[in-house]
Amino acid sequence: MEKTPENASQAAPLKLFGSWASSYTHRVQLALRLKGLEFEYAEEDLGSKSNELLRHNPVYKKVPVLVHGGRALPESVIILQYLDDAWPETRPLLPADAFDRALARFWCHFADDKLGPAVGAVFASMGEDQEAAVRQVHENLALIEAELRDGAFKGRRFFGGDEVGLLDVVLGCGSYWLAVFEEVTGVRLVDADAFPLFHAWLRDFEALDEVRETIPAVDRLLEYARGVRHMLLGLAGAGAAAASAAAAAPAEAPAAPAPAPAADIAVDI
Amino acid sequence: MTEGGELKLLGMWASPFVTRAKLALQIKGLSYEYVEEDLGSKSELLLSSNPVHKAVPVLIHDGKPVCESSVVVQYIDEAFAGAGPSLLPADPYERAVARFWAAYLEDKLVTPWRQVLRVKTDEERAEVMRQTIAAADVLEGGLKESSGGMGPFFGGESVGYVDVLLGGMISWVKATEVFSGAKIIDAAKTPLLAAWMERFCELDAARAVLQDVGALVEYARALQARFAAAAPNN
């Protein structure tokens, strides 16, 4: 094959800095697998970040960061679009039509600006505050359900159409937390009766080989989530709340390394 | 049908986010119908076009609505790729850099800035101003990185995506500086951004579109009074 500059850069190595429980990291891992791209993976200890990570992402100091041919790309949705731009001939994540692309971007923002934080709020709260957060999650899911039922995504198996695309990756890598949080908090978030299409989509998404390869085993996620919730409620200083949470979900310390600071996790969906 | 089609922009004169859309349309040389919305009494068209946020800008192209200013600007760039200059660069890495600074602008500068009129106390106001100014400092580095020394714009010699997004904020930056008494883009601390702002304002598109700063200051004072009068836990 002729070595055009584009081909040469496609051949350059890919290295992903991430965290095993970070849904933002999973987005990139999944996208790389969907596009059939080989990459080296470096697990970061979020409580003690490597100099390499800090050098590659000085502005945010966060995972994921994808380094391609020595150049660093932070921010998961930006990385996903970069993969499409740099490998345009391989399994595009974004649709071809400009209007469909605009829709995908709009809903990606919604996932990160509205749904994600709302789910994080459910996880980090108790009592009345949690009830309000749950209502917010349900309102957000209802909007997505409406798009699947009557709107822009009507009749589609995935948001991307017959195959998963950018929005599936963004919403999907995060939605698995819904079931985990339901288990840990005892709160119902995704009712199959209330959100049948979203529920069906999530089930189909999680059944894909590349997704199963990417998302950690549910018992690891559960253990991790229990540890974080216990810590978050403890930080909130509500003694009674922490005690009841401890009673509801045994507060065994996770065998894995200590959970990262709450700020990195609370909205990590 | 030509690449054209019917374009309608739902907006509000004071909104910097609407200004972004207008700038993009202007730069691409596109004609459109503008509809001024009364945000206190939103039109059926706005509510049905943007049911999720019920906000402006909404760009309606051949009857199909595009919402959110950064999405609208990218849409204009892609749907009208043949018209006028490209806002996003061609190189994949440079595109990612542009998207990065666009996202940074939104998350770190615009987000605290939006609180300036809303917060109640002087302390809170000083804090959100501090955050806004800190973001401008970081953005100065971003401008240096993006323009690659070609300057004065994030897009280099010509206006690009980040320039349009930040450009939409210019009149508000100036208005905020007037009523807060603090500089956001200070030539002494962020010389590249200060030069950027001057050059941007000289563009035909900017002259055509940017709001009058005095009008915004008046508008801001009225808005601030309304927020102050509202219930404390609003």
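- As annotated in an unreviewed UniProt entry, chain B carries the name glutathione transferase and is attributed to Panicum hallii.
- Turning to chain B, the UniProt annotation filed under Catalytic activity (unreviewed entry) states: "RX + glutathione = an S-substituted glutathione + a halide anion + H(+)".
- Looking at chain B in UniProt, the text filed under Sequence similarities (unreviewed entry) is "Belongs to the GST superfamily. Tau family."

- As named in an unreviewed UniProt entry, chain A is glutathione transferase, taken from Panicum hallii.
- The Catalytic activity (unreviewed entry) field of the UniProt record for chain A holds the comment "RX + glutathione = an S-substituted glutathione + a halide anion + H(+)".

**Considering the UniProt feature "domain: GST N-terminal" (unreviewed entry) in chain B**
Inference 1: In this structure's numbering, the residues bearing the UniProt feature "domain: GST N-terminal" (unreviewed entry) are residues 5–84 of chain B.
Inference 2: Here residues 5–84 of chain B runs as 36% helix and 21% strand, with 16 Å between its end C-alpha atoms.

**What to know about the packing of aromatic side chains**
Inference 1: Tallied over the entire structure, the rule returns 20 aromatic pairs over all chains.
Inference 2: With a centroid separation of 5.5 Å and an interplanar angle of 70 degrees, the aromatic rings of Trp101(B) and Tyr104(B) are classed as edge-to-face. Placement of the pair is Trp101(B) and Tyr104(B) together in helix H4 (residues 92–114), with a separation of three residues, close to one helical turn. Neither Trp101(B) nor Tyr104(B) differs from the other in exposure class; each is buried.
Inference 3: The structure contains a cluster of three or more aromatic residues connected by ring pairs, namely Trp20(A), Phe123(A), Tyr176(A), Trp177(A), Phe181(A) and Tyr224(A).
Inference 4: The cationic tip of Arg220(A) hangs over the ring face of Trp20(A); the distance from NZ or CZ to the ring centre is 4.0 Å.
Inference 5: Of note, Lys22(B) hangs over the ring of Tyr34(B), and the distance from its end group to the ring centre comes to 4.4 Å.

**Thoughts on the interface of chain B and chain A**
Inference 1: With 27 residues of chain B at the contact, the number on the chain A side is 23 residues.
Inference 2: The contact between chain B and chain A buries some 2300 Å² in all, and 70% of this surface belongs to carbon and sulfur atoms.
Inference 3: Looking only at chain B, the three residues that lose the most surface to chain A are Val52(B), Tyr93(B) and Phe100(B), adding up to 27% of its buried area.
Inference 4: The tally of links between chain B and chain A comes to four salt bridges.
Inference 5: The partner of Glu78(B) in a salt bridge is Arg105(A), and the shortest N-O contact between them spans 3.0 Å.
Inference 6: If you look at where chain B meets chain A, you find seven residue pairs in polar contact (both at pLDDT 80 or more).
Inference 7: Only strand E4 (64–67), helix H3 (69–79) and H4 of chain B provide two or more residues apiece to the side of chain B that touches chain A.
Inference 8: Of the residues forming the side of chain B that touches chain A, the biggest block, 11 residues, is contributed by H4(B).

**Examining the pairing of strand E1 (residues 7–11) of chain B**
The side chains of a regular strand alternate between both faces of the sheet.
Residue and element names in this part refer to chain B.
Inference 1: Of all the five residues making up E1, four are buried; the element is thus mostly covered by neighbouring parts of the structure.
Inference 2: The sheet contact formed by E1 and strand E3 (residues 58–61) spans four bridges and is antiparallel. Across the sheet, the residue bridging to Leu7 is His61, located in E3.

**Brief notes about the pairing of strand E3 (residues 65–68) of chain A**
Residue and element names in this part refer to chain A.
Inference 1: Covered by surrounding structure in E3 are Val65 and Val67 together with Leu66 and His68, the residues of both alternating faces.
Inference 2: In this sheet, E3 lies alongside strand E1 (residues 14–18) in antiparallel orientation, the contact comprising four bridges. Residue Leu16 lies in a different strand from E3, and its bridge partner there is Leu66.
Inference 3: Pairing of E3 with strand E4 (residues 71–74) involves four bridges; the strand directions are antiparallel. Bridge pairing links Leu66 to Leu73 in E4.

**Thoughts on the pattern of salt bridges**
All names here are of chain A.
Inference 1: Applying the stated criterion to the full structure yields 22 salt bridges over all chains.
Inference 2: As a salt-bridge pair, Asp112 and Arg27 come within 2.7 Å of each other at their nearest N and O atoms. Note that Asp112 is positioned in helix H5 (residues 98–123) and Arg27 in helix H2 (residues 23–34), a separation of 85 residues in sequence.
Inference 3: We note a salt bridge from Arg33 to Glu213, for which the minimum N-O separation is 3.1 Å.

What counts and how
Residues numbered from 1 in each chain as written. Chains lettered and ligands numbered in written order. Predicted model: local features only at pLDDT ≥ 70, side-chain atom pairs only at ≥ 80, totals over all residues. Heavy atoms only, no water. UniProt positions renumbered as here; feature names shortened; annotations may be inferred. Helix = DSSP H or I, 4+ residues; strand = E, 2+ residues; numbered from the N terminus. Phe/Tyr/Trp six-rings, centres within 6.5 Å; stacked < 30°, edge-to-face > 60°. Buried < 20%, exposed > 50% of the residue type's maximum accessible area, 1.4 Å probe, protein only. Lys NZ or Arg CZ within 6 Å of the ring centre and 35° of its normal. Contact = heavy atoms within 4.5 Å. Buried area = accessible area lost by both parts, 1.4 Å probe. Salt bridge = Lys/Arg side-chain N within 4 Å of Asp/Glu carboxyl O. Polar contact = N/O pair within 3.5 Å; in protein donor to acceptor, adjacent residues only side chain to side chain. Pairing = 2+ DSSP bridges.

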